[in-house]
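Chains, contacts and geometry: an overview
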Amino acid sequence: MRDRITHHLTDGLIMGYAAGTLPEAFDLVVASHISMCDECRARLAAYDAVGGAVIDSTEGAELAEDSFASTLRLIEAEKAAEPPAPSWGGIAAGGVLPAPVQAYVGGDVDAVKWRRLGGGVFDSVIRTSDGEATARLLRIAPGKAVPDHGHEGSELTLVLQGAFSDAAGRFGPGDVEVATEEVEHTPIAEEGDVCICLAAMDHPLKFSKFLPRLAQKVMRI
Ligand SMILES: [Zn+2]
């Protein structure tokens, strides 16, 4: 049985996702949480309905006579130019990684190429195209801690397997932690399953203890 999800997305994140204004890495975390959380899926549907109502109630403005046809042409051109969007459906049956993440990784956890960070912690960067934020998977051995760090921006961490605890509480499968610049935290993985998380951050982490600044540059974290 899956643990009850107790840590949800903020309104700001759901609105940003509905409006399409988030960096791709944040979109990925939001879409993944929504694929695991009925409550936030319903909240998103409510925001989508509000957006639709705003468009419906907007007074129509006169457009050039051929604007409909030229818009269709633009859409067609865009379709031809862009690779197909990943299908962001529900969680893959029996998988650890939600479907949105599997679309980037090209499979489930066995397809992930992990990089050793030391102390029982591994990560794997997920390539996003906009360069505004970084997404990565984290793998933390039971009982191990991710080194203490502060943030230069915001960090979202979604638990996919296992659990961790830090000053903000306990985070189990499906829970998402929203950490801002003021937060300095040391997530420690619970005993039991290896803890696997999806994290997105909009600036490089400031590791305060673990890595010297030079190593941070080399490892691009
Ligand atoms: Zn939720």
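Just above sits the structure.
Keep in mind that this is a model prediction, so the values were computed, not measured.

1. Here's the deal with the environment of Glu-177
Looking at where Glu-177 falls in the secondary structure, it is placed in strand β8 (residues 176–179). When near neighbours in sequence (up to four residues on either side) are disregarded, Glu-177 contacts Glu-155, Leu-156, Thr-157, Phe-164, Asp-166, Ala-168, Phe-171 and His-185.

2. What about the coordination of the zinc ion?
Taken together, the protein ligands of the zinc ion are His-8 (ND1), His-33 (NE2), Cys-37 (SG) and Cys-40 (SG), with distances of 2.1 to 2.3 Å. Each of the 4 donor atoms bound to the zinc ion contributes to angles spanning 97 to 128°, and the resulting shape is tetrahedral. Between the donor residues of the zinc ion, the gaps in sequence give the motif H-x24-H-x3-C-x2-C. Comparing Cys-37 with Cys-40 shows no difference in burial state: the two are buried.

3. Re the pairing of strand β5 (residues 155–161)
The element β5 is largely enclosed, with a buried count of 6 among its 7 residues. Where β5 and β8 come together, 4 bridges link them in antiparallel fashion. Each bridged residue has a counterpart across the sheet, and for Thr-157 the counterpart in β8 is Glu-177. Judged from the 6 bridges that link them, β5 and strand β10 (residues 195–201) form a sheet pairing that is antiparallel. Bridged to Leu-158 within β10 is Leu-198.

About the thresholds
Residues numbered from 1 in each chain as written. Predicted model: local features only at pLDDT ≥ 70, side-chain atom pairs only at ≥ 80, totals over all residues. Heavy atoms only, no water. Helix = DSSP H or I, 4+ residues; strand = E, 2+ residues; numbered from the N terminus. Contact = heavy atoms within 4.5 Å. Donors = N, O, S within 2.8 Å, 3.2 Å for Na, K, Ca; no water. Tetrahedral: all angles 85-135°; square planar, octahedral: opposite > 155°, others 65-115°. Buried < 20%, exposed > 50% of the residue type's maximum accessible area, 1.4 Å probe, protein only. Pairing = 2+ DSSP bridges.

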